[in-house]
Amino acid sequence: MSRISILGLGAMGSALAATLIRKGHDVTIWNRTLLRTEPLAAIGASVAASPAEAVAASELAIVCVVDYAAARAVLALAGDALRGRDLVNLTNGTPDDAKSLGAWVEAKGARYLDGGIMAVPPMIGEAGALILYSGSGALLEKHEAALGALATCRMLGEDPGIAALYDLALLSAMYGLFSGFLHAGALVASSGGKVADFLSLLRPWLEAMSGTLPDLAEKIDSGLHSRNVVSNLAMQTIALENIVRASEESHISPDFIEPMRQLAAARVGQGHGGDDISGVVELIRKQK
Ligand code: FVH
């Protein structure tokens, strides 16, 4: 069993600490607001008086706070205590945030592993929880037993920014799903329908449509959007226009749908109406 320090005891940090304690690890905790340490101290955590004391208490420290500005502020307080330690950062941020913090931590003489948690707090320590990692592979190898107690570990590479990129890519798909669902729910409710009843139609439909993803993925990877097209973009643009018109007729704002309609129409306007919807991706790629 390992000695592990957790810095940051919001909903997620508390779940990480409670899971490690439950699985028999020796856990030291620190949080800016002391009150949040109490439930964990009651189940066996040692409370550190400062980030430096927390980092010094264990070979492995995990930071999980609201954002990277907070993570930097906490780690700045840890200062020289970081030398020779292993630091895992499970705070959500961008690839550049992760690369910059990783370089700062390594300059302090610590090893750095960045992580993206693909789970909500009650899932931590349970089957189905996944954490994406990138950065120091040696750190992950050394602490895989402890980190594996939290979630399945998926290493994506030595570039510390790659876990954040894939985390945000997965969240992008999730928010696309949520925005589509909210719009669909508003349409159904506008006619007096129950959104809960609509799920019996929606869930199998989404499952069927997810079957088109491998083909669309291949088209995005190859840039070849005109091969084996079964539902061309010109036709789909009319469907998007119909959704916008139906929304207005039902007094529902088309705000979720309108950006997609505009992109699809622009792509058709460029002469790609016969292509698949995957071609719209070419309009959102910017020159580096
Ligand atoms: N909760 C979730 O569903 C998601 C699941 C996926 C991963 N996210 C990310 O995890 C990070 C932490 O999220 P959280 O849910 O624990 O967030 P909160 O409950 O809001 O707790 C925030 C903690 O951050 C501390 N904090 C905020 N600002 C500072 C600061 N300037 N200096 C030091 N600590 C700071 C805060 O401390 P306090 O307010 O209790 O003193 C909490 O410990 C996050 O990146 C999610 O995106 C969660």
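Our subject is the structure listed above.
Here the structure is a predicted model, which is why all the values come from computation and not from measurement. Within any chain, residue numbers begin from 1 and follow the written order of that chain's sequence. Two thresholds apply to this predicted model, a pLDDT of at least 70 for residue-level local features and 80 or more for giving and counting side-chain atom pairs, whereas whole-chain, interface and lining totals are computed over all residues. Neither water nor hydrogens contribute to the side-chain values; these are computed over all heavy atoms in the structure.

### Some thoughts on the packing of aromatic side chains
In plain terms, the rule: When two rings of Phe, Tyr or Trp (its six-membered ring) have centres within 6.5 Å they constitute a pair, described as stacked for plane angles under 30 degrees, edge-to-face for angles over 60, and tilted for the intermediate range. Helical segments are the DSSP runs of H or I of at least four residues, strand segments are the runs of E of at least two, and each set is numbered from the N terminus.
For the coordinates displayed, the defined rule picks out one aromatic pair. Measuring from centroid to centroid gives 6.1 Å for Tyr 175 and Phe 178, while their planes differ by 85°, and the two rings are edge-to-face. Taken together, the residues Tyr 175 and Phe 178, both in helix α8 (residues 162-190) and three residues apart, mark about one turn of the helix.

### A closer look at the nonpolar core
Threshold: We call a set of buried residues a nonpolar core when its members are Ala, Val, Leu, Ile, Met, Phe, Trp, Tyr or Cys and they connect through side-chain atoms within 4.5 Å of each other. Summary of the burial criterion: residues with accessible area below 20% of their type's maximum are buried, those above 50% are exposed, and those between are partly exposed, where the area comes from a 1.4 Å probe applied to protein chains only. Only heavy atoms enter the contact rule, under which two residues are in contact if any of them lie within 4.5 Å.
Within the largest apolar cluster, 33 residues are counted, with the highest numbers of intra-cluster contacts made by Ile 6, Ile 62 and Leu 147. Of all the secondary-structure elements, those providing two or more residues to this core are β1 (3-7), α1 (11-22), β2 (26-30), β4 (60-63), β6 (111-118), β7 (130-135), α6 (137-142) and α7 (144-148). With residues near it in sequence (within four places) discarded, Ile 6 still touches Gly 13, Leu 16, Ala 17, Leu 20, Val 27, Thr 28, Ile 29, Trp 30 and Ile 62.

### Some thoughts on the sheet that holds β7
To be explicit about the condition: Two strands pair if DSSP finds at least two bridges between them. In this description, a line fitted to the C-alpha atoms serves as the axis of each element, helices being fitted only across the stretch in contact, and the angle between N-to-C directions of two axes falls anywhere from 0 to 180 degrees.
The eight strands lie next to each other as β3-β2-β1-β4-β5-β6-β7-β8, forming an open sheet whose pairing is mixed. The sheet is open, and its two borders are formed by β3 (46-47) and β8 (152-155), each paired with just one other strand. In terms of strand pairing, β2 meets β3 through two bridges, oriented parallel. From the neighbouring strand, Ile 29 faces β3, where its bridge partner is Val 47. Where helix α4 (residues 68-78) meets the sheet, its contacts fall on β1, β2, β4, β5 (86-89) and β6, and the angle it forms with β5 comes to roughly 160°. Contacts from α8 reach β6 and β7, with the element oriented near 10° to β6.

### Concerning the packing of α8 against helix α9 (residues 195-210)
Quick note on the threshold: For classification, angles of less than 35 degrees are called roughly parallel, those exceeding 145 degrees roughly antiparallel, those between 65 and 115 degrees roughly perpendicular, and all remaining angles oblique. Crossing handedness follows the turn of the near helix against the far one: under a right angle anticlockwise gives a left-handed crossing, and clockwise gives a right-handed one.
Across the interface, α8 lies against α9 with an axial gap of 11 Å and an inter-helix angle of 135°. As far as their axial angle goes, α9 and α8 are oblique. You can see that α8 and α9 cross each other, and the crossing is right-handed. Contacts from Leu 177, Phe 181, Ala 184, Gly 185, Val 188 and Ala 189 of α8 reach α9 at Val 195, Phe 198, Leu 199, Leu 202 and Leu 206.

### What to know about α8
Residues three or four positions apart in an α-helix share a direction because the helix packs 3.6 residues into each turn. For clarity, the threshold we go by: One less than the number of residues in a helix, times 1.5 Å, gives the span that helix is expected to have.
For α8, with 29 residues, the first-to-last C-alpha span of 42 Å sits near the 42 Å given by 1.5 Å per residue. When we look at burial in α8, the residues that qualify are Ala 163, Ala 164, Asp 167, Ser 179, His 183, Ala 184, Gly 185 and Val 188. Looking at the buried side of α8, the elements it contacts are α5 (95-107), β6, β7, α9 and α11 (233-249). Positive backbone phi, at 90°, marks Gly 192, one or two positions downstream of α8.

### Some words on the environment of Gly 161
Considering the arrangement of structural elements, one finds Gly 161 in the loop between β8 and α8. When residues no more than four places from it in sequence are discounted, the contact partners of Gly 161 are Pro 95, Ala 98, Lys 99 and Ser 134.

### What to know about the site of the ligand
We count it as follows: The nearness test applies per residue and asks whether one of its heavy atoms lies within 4 Å of the molecule or strand. In protein, a polar contact means a hydrogen-donor-capable atom and an acceptor-capable atom, both N or O and within 3.5 Å, with residues adjacent in sequence counting only if both atoms are side-chain atoms; elsewhere, any N or O pair within 3.5 Å suffices. For accessible areas, the Shrake-Rupley method is used with a probe of radius 1.4 Å. Any residue's cover is judged against the shown protein chains and nothing else. Polarity classes work like this: nonpolar for Ala, Val, Leu, Ile, Met, Phe, Trp, Tyr, Cys and Pro, charged for Asp, Glu, Lys and Arg, and polar for all others, with Gly in that last group.
Residues in contact with the ligand amount to 21 residues; listed here are only the nearest, Met 12, Asn 31, Thr 33, Arg 36 and Asn 92. A distance of 3.2 Å separates an oxygen atom of the ligand from a polar backbone atom of Gly 10. One of the backbone N or O atoms of Asn 92 is found 2.8 Å from an oxygen atom in the ligand. Contact with the protein chains removes 73% of the 900 Å² of surface that the ligand exposes when unbound. Looking at the shell around the ligand, the elements with two or more residues in it are α1 and α4. Ranked by residues supplied to the shell around the ligand, first place goes to α1 with three residues. Of the residues assigned to the shell around the ligand, the class counts are twelve nonpolar, seven polar and two charged.

### Here's the deal with the side chain of Asn 31
In this fold, Asn 31 is placed in the loop between β2 and α2 (38-41). Of the polar contacts made by the side chain of Asn 31, one reaches the backbone nitrogen of Leu 9; its length is 2.8 Å. A polar contact of 2.9 Å, which involves the side chain of Asn 31, links it to the backbone oxygen of Thr 33. When neighbours within four sequence positions are excluded, Asn 31 is seen to be in contact with Gly 8, Leu 9, Gly 10, Arg 36 and Thr 37.

### A look at the side chain of Arg 261
As for its placement among the helices and strands, Arg 261 is situated in helix α12 (residues 258-272). In this structure Arg 261 comes out as buried when scored by relative accessible area, which is 18%. Setting aside anything within four residues of it in sequence, one finds Arg 261 in contact with Leu 240, Glu 241 and Val 244.

### Re the packing of α11 against α12
Running from N to C, α11 and α12 point in directions that differ by 150°, and their axes come no closer than 9 Å. In terms of their interaxial angle, α11 and α12 are classed as roughly antiparallel. Here α11 runs over α12; the crossing is left-handed. Residues Leu 233, Ala 234, Thr 237, Leu 240, Glu 241 and Val 244 of α11 form the contact with α12, whose own contacting residues are Glu 258, Met 260, Arg 261, Ala 264, Ala 265, Arg 267, Val 268 and His 272. Considering only residue class, the contact of α11 with α12 consists of eight nonpolar, two polar and four charged.

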